[in-house]
Amino acid sequence: MTAAPDAVSPPQDPAQPRLLAVLATGQVLGGTAVATSIAASSLVASRLSGSPAVGGVASTASVLGAAGAAAVVARVAQARGRRPALVGGHLVGLLGAVGAVVAATTGSVALLLVSLLLVGSGTAVGLAARYAATDLAAPARAGRALALVVWATTVGAVAGPNLLGPLDAAARSVGLPGVAGPYLLCAVAFALAALTGWLGLRPDPLLRARDRAGTPATARGSVVVRPWAVLRASRPALLGAVGIVLGHAVMVGLMSMTPVHMDHGGAALSVVGLVIGLHIAGMYALSPLFGWLADRAGPARVLAGAGVLLPLSGVVCALAAPTATGLLSVGLVLLGLGWSAAVVGGSAQLTASLAVADRPRVQGSVDVAMNLAGAAAGIVAGVLVTVSSYALLGALVVVATVPFLLVAARSARTGRPAAG
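Please read all numbers here as calculations on a predicted model, not as lab measurements.

The rules behind these values
Position labels on residues start from 1 in each chain and follow its written sequence. For this predicted model, a pLDDT threshold of at least 70 governs which residues receive local features, and a threshold of 80 or more governs which side-chain atom pairs are given and counted, while totals over whole chains, interfaces and linings are taken from all residues. Water and hydrogen atoms were dropped before computing side-chain values, which therefore reflect all heavy atoms in the structure. Each patch is built from residues that are more than 30% exposed by relative accessible area and take part in no salt bridge. Like charges join if they lie within 9 Å; nonpolar side chains (Val, Leu, Ile, Met, Phe, Trp, Tyr) join within 5 Å. The protein chains shown are the only cover counted for residues, whose accessible areas, like all others here, come from Shrake-Rupley with a 1.4 Å probe. Each reported salt bridge corresponds to a side-chain nitrogen of Lys or Arg within 4 Å of a carboxyl oxygen of Asp or Glu. Only runs of H or I of at least four residues qualify as helices and only runs of E of at least two qualify as strands under DSSP, and these elements are numbered from the N terminus. Three exposure classes are used, based on accessible area relative to the maximum for each residue type with a 1.4 Å probe and protein chains only: buried under 20%, partly exposed in between, and exposed over 50%. Only centres within 6.5 Å qualify two rings of Phe, Tyr or Trp (six-membered ring in Trp) as a pair; their planes then separate them into stacked at under 30 degrees, edge-to-face at over 60, and tilted for everything else. Any Lys NZ or Arg CZ found within 6 Å of a ring centre and within 35 degrees of that ring's normal is scored as a charge over the ring.

S.K.: I'm lost on a nonpolar patch on the surface in this one. Help?
M.R.: On the surface, Val-188, Leu-192, Leu-195, Trp-198 and Leu-199 cluster together to form a nonpolar patch covering roughly 480 Å² of accessible area. Within the secondary structure, Leu-192 is located in helix 7 (residues 181-200). Given a relative accessible area of 40%, Leu-192 falls into the partly exposed group.

See below:
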């Protein structure tokens, strides 16, 4: 096991531009499948069961599936490379989508929930793809490569939810229940994403990176990587990991309760959708800018920026009444930007701080923690808003993120390189 990055970083591999295009294409397809499932699953589960509570369970199933799949994807990448890990994850998502079509057709809630666990694999692949984008990138452009793959998710995040109506009609036209329509699209998108990766990820970016770094072939599949020991041994890597996990937990907690808060003020669904749409735009639209800043100014400074944006979003949301649509929009956009800075800056910092041999397992472990933290934050946020108020949730976001701001700002001021 190694805890430091490789001493000599080779320049960008000639195959990097083509591989980056393949990864971005796969992200568009996989992101469309995941976003469509997220948009539809709570509603489908509620209709099949007749219970809104089961709708909440459906959303949790996808998150838990993503957390479990992240660990498996990382293990496969560690042993076999990125290509089989990403393709295999998309195939598991395809299996889940097919199962969801069957569940929607037969009215089986249990099968739907199991299927959504498998669909969560698509989320794990989408997260892993951002790291694959950095394997062969020149160190000075790794942040931009990572951010491009994150940005590509925007297409699916916007397109998927807006196709629910046409998908309902399309399913009915072929004799299936309308609720099966979203999962038909998921199945097609996952299949195309898997095919794109299988045909296009040649050479395998991680295996090529190991060759270029001089990692012994005999050690590649047998290296025992203890992710948390690696993180404890590297403060820059730990800072990146904390930024990713904290940023995602804060985003999920505050975002998930905003529609509930607005509903208390009688907001129309169209207004709620507009606010959440602006939030999603904040999450993805400026990720290339944060990638560029990570390359030019250093990932620690981008993390410090996230440390400013996240508590600021908490302050704005805490002050916003349920009817204050404009103020809530500002708060949710700031929240999306903070998430983007945390994920892009944290991922760039984490990757630059790790040796090639350690990356897949450590990155995968951080993504597991990221998904579990998001699931826990959603639950905690729901309890807080139920027993107290949305304003208290916003205040808690400030309390949780200001210490991270202080640590990240100190790291940025020291001018310490990301690799430590």
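S.K.: How should the pattern of salt bridges be read in this particular structure?
M.R.: Side-chain pairs of opposite charge can arise where the charged atoms are in close proximity. For the coordinates displayed, the defined rule picks out six salt bridges. Across the pair Arg-130 and Asp-367 runs a salt bridge whose closest N-O atoms are separated by 3.1 Å. Here Arg-130 is found in helix 4 (residues 109-132), whereas its partner Asp-367 is found in helix 15 (residues 359-387), with 237 residues between them in sequence. Grouping residues by exposure puts Arg-130 and Asp-367 together as buried. Residues Asp-295 and Arg-144 are paired through a salt bridge, measuring 2.7 Å at the closest nitrogen-oxygen approach. Placement of Asp-295 in helix 12 (residues 287-297) and of Arg-144 in helix 5 (residues 142-159) is noted, with a sequence separation of 151 residues between them. Ionic contacts of the salt-bridge type, sharing partners, join the residues Asp-13, Arg-208 and Arg-212 into one network.

S.K.: I would appreciate a short explanation of the packing of aromatic side chains in the present structure.
M.R.: We describe a pair of aromatic rings using the distance from one ring centre to the other and the angle between the two ring planes. A full pass over the atoms with the stated rule returns one aromatic pair. Seen in terms of ring centroids, Tyr-284 and Trp-339 are 5.6 Å apart; in terms of plane orientation they differ by 75 degrees. Their pairing is edge-to-face. Of this pair, Tyr-284 sits in helix 11 (residues 269-284) while Trp-339 sits in helix 14 (residues 325-352), placing them 55 residues apart in sequence. Taking relative accessible area as the criterion, Trp-339 reaches 5% and is therefore assigned buried. Residue placement shows Arg-83 over the ring face of Trp-198; its charged tip is 3.7 Å from the ring centre. Across from the ring centre of Trp-198, 5.5 Å away, lies the NZ or CZ of Arg-202, which sits over that ring.

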